[in-house]
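Geometric and topological summary
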Amino acid sequence: MKTAVVTGATSGIGLAVCAELAALGFAVVGVGQSEERCASAASGLAAAYPDVPILFFRADLSRQAEVARVGGEIREYLEDRRFGRLEALINNAGCVRGRYTTTEDGYETVFAVNHLAGFMLSGMLMPCLISAKGRILMTSSGSHKGTRPRWSDMMLKRGYNPLFAYKQSKLCNLLFAYGLNERFGKLGISAYGIDPGLVKTDIGFKNAGGIVALVWKLRHRRGVPPELPAKIYARVCLEAEAPKGLYYGMSGEEKYSRQVNKRNADRLWELSERLCGMKLGADEK
Ligand SMILES: NC(=O)c1ccc[n+]([C@@H]2O[C@H](COP(=O)([O-])OP(=O)(O)OC[C@H]3O[C@@H](n4cnc5c(N)ncnc54)[C@H](OP(=O)(O)O)[C@@H]3O)[C@@H](O)[C@H]2O)c1
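Residues numbered from 1 in each chain as written. Predicted model: local features only at pLDDT ≥ 70, side-chain atom pairs only at ≥ 80, totals over all residues.

**A word on unusual backbone geometry**
At phenylalanine 83, a position not held by glycine, the phi torsion is positive, near 60°. The topology assignment puts phenylalanine 83 in the loop between helix 3 (64-81) and strand 4 (88-91). At lysine 133, a position not held by glycine, the phi torsion is positive, near 50°. Along the chain, lysine 133 turns up in the loop between helix 4 (109-132) and strand 5 (135-139). (Helix = DSSP H or I, 4+ residues; strand = E, 2+ residues; numbered from the N terminus.)

**Notes on the sheet that holds strand 5**
Read from one edge of the open sheet, 8 strands run 3-2-1-4-5-6-7-8, paired in mixed fashion. The open sheet has two edge strands, strand 3 (54-58) and strand 8 (252-253), and neither has a second partner. Both strand 1 (residues 3-7) and strand 4 contribute to a ladder of 3 bridges, which runs parallel. Bridge pairing links valine 5 to leucine 89 in strand 4. Contacting strand 5, strand 6 (190-194) and strand 7 (247-249), helix 5 (residues 162-184) runs over the sheet at an angle of about 165° to strand 6. (Pairing = 2+ DSSP bridges. Contact = placed C-beta atoms within 7 Å. Axes fitted to C-alpha atoms, helices over the stretch in contact; angles between N-to-C directions.)

**Digging into the packing of helix 3 against helix 4**
In contact at an axis separation of 9 Å, helix 3 and helix 4 are set at 25° when each is read in the N-to-C sense. Overall, the two elements helix 3 and helix 4 adopt an arrangement that is roughly parallel. You can see that helix 3 and helix 4 cross each other, and the crossing is right-handed. Every residue of helix 4 that contacts helix 3 at Gln64, Val67, Gly71, Gly72, Ile74, Arg75 and Leu78 is listed here: Ala117, Met120, Leu121, Met124, Leu125 and Cys128. A breakdown of the residues in the contact of helix 3 with helix 4 according to their chemical character gives 9 nonpolar, 3 polar and 1 charged. (Parallel < 35°, antiparallel > 145°, perpendicular 65-115°, else oblique. Left-handed = near helix turned anticlockwise from the far one by under 90°. Nonpolar A, V, L, I, M, F, W, Y, C, P; charged D, E, K, R; others polar.)

**Quick word on the pairing of strand 3**
Bridge count between strand 2 (residues 27-32) and strand 3: 5 bridges; the pairing is parallel. For valine 28, the partnering residue across the bridge sits in strand 3 and is isoleucine 54. Tracing the backbone out of strand 2, into helix 2 (residues 35-48) and back to the parallel element strand 3 gives a crossover that is right-handed. (Right-handed = clockwise from strand over helix to strand, strands pointing away.)

**With respect to the site of the ligand**
Inspection of the region around the ligand gives 30 residues, with Gly8, Gly12, Gly94, Thr201 and Ile203 positioned closest. Secondary structure elements with two or more residues in the shell around the ligand: helix 1 (12-23) and helix 4. In terms of residue count, helix 1 provides more of the shell around the ligand than any other element does, 3 residues in total. Of the residues in the shell around the ligand, the class split is 10 nonpolar, 16 polar and 4 charged. (Near = placed C-beta within 6 Å.)

Here you go:
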């Protein structure tokens, strides 16, 4: 039985991906930030898929100490119970903020949760992913287009714009996937950015603040149910041969921004290693 780890698994797209993968026979490991929501998601999935192992871990992924802790716990579980193999890691947890906020590590929150947490968790689970020649999927977005990384101020301390912060983080998701393929492709790892389209979830209502909540209130009504984009993840995880493209959406492989290139991917990789205090190279195992 294959295993998938899904972050942001307690609601929206992440929860729907857990259900889709469980229905296809994957053992599912979910990560969520609230004990209560983890318990509720786990019991709902276990009731719907009684023959599939479902396990949830709690962690606030904005805190690097928590990412390190949960990464260690998941790795231990995979080594003890899943033969040290991980077929799919879905870095999906994400948030929006209406104003500049920082994490306890001092990083801008959207950048920390949407990108750095996935970078760190991927590094921690890499030995299990390599053992299974696994796939790493980042929930990116069409909103990664029309922007470029603000290298002189990645934490956006000067003039915070919530939309720019979100767009930059979704561009980072694709740059990270690009960098993973460059470094770990030869070891059988395949990484992707997924564009779920506009999805009717509550992301814009969670600690986001006035203007963001207002815009999301109008916008999210036109979104599709999360069960639809969940099928993209299943397709990318299940194809017998790992799909060759980098960016997938409802209609298959999609075009991505020209900002997704080696120069930017390398620069982001080096910055992420520094900010996470970890080396993530192909000789890790
Ligand atoms: N909705 C869209 O139209 C859309 C479009 C493109 C991309 N996306 C991306 O899709 C992903 C999932 O978002 P969604 O729309 O499904 O919204 P969602 O239902 O709010 O899902 C976000 C998930 O991330 C979790 N999360 C947020 N901050 C966290 C933290 N500090 N630590 C641990 N978990 C945390 C949330 O947990 P809680 O429930 O406990 O807050 C939730 O499970 C995000 O990366 C988002 O950027 C969404």
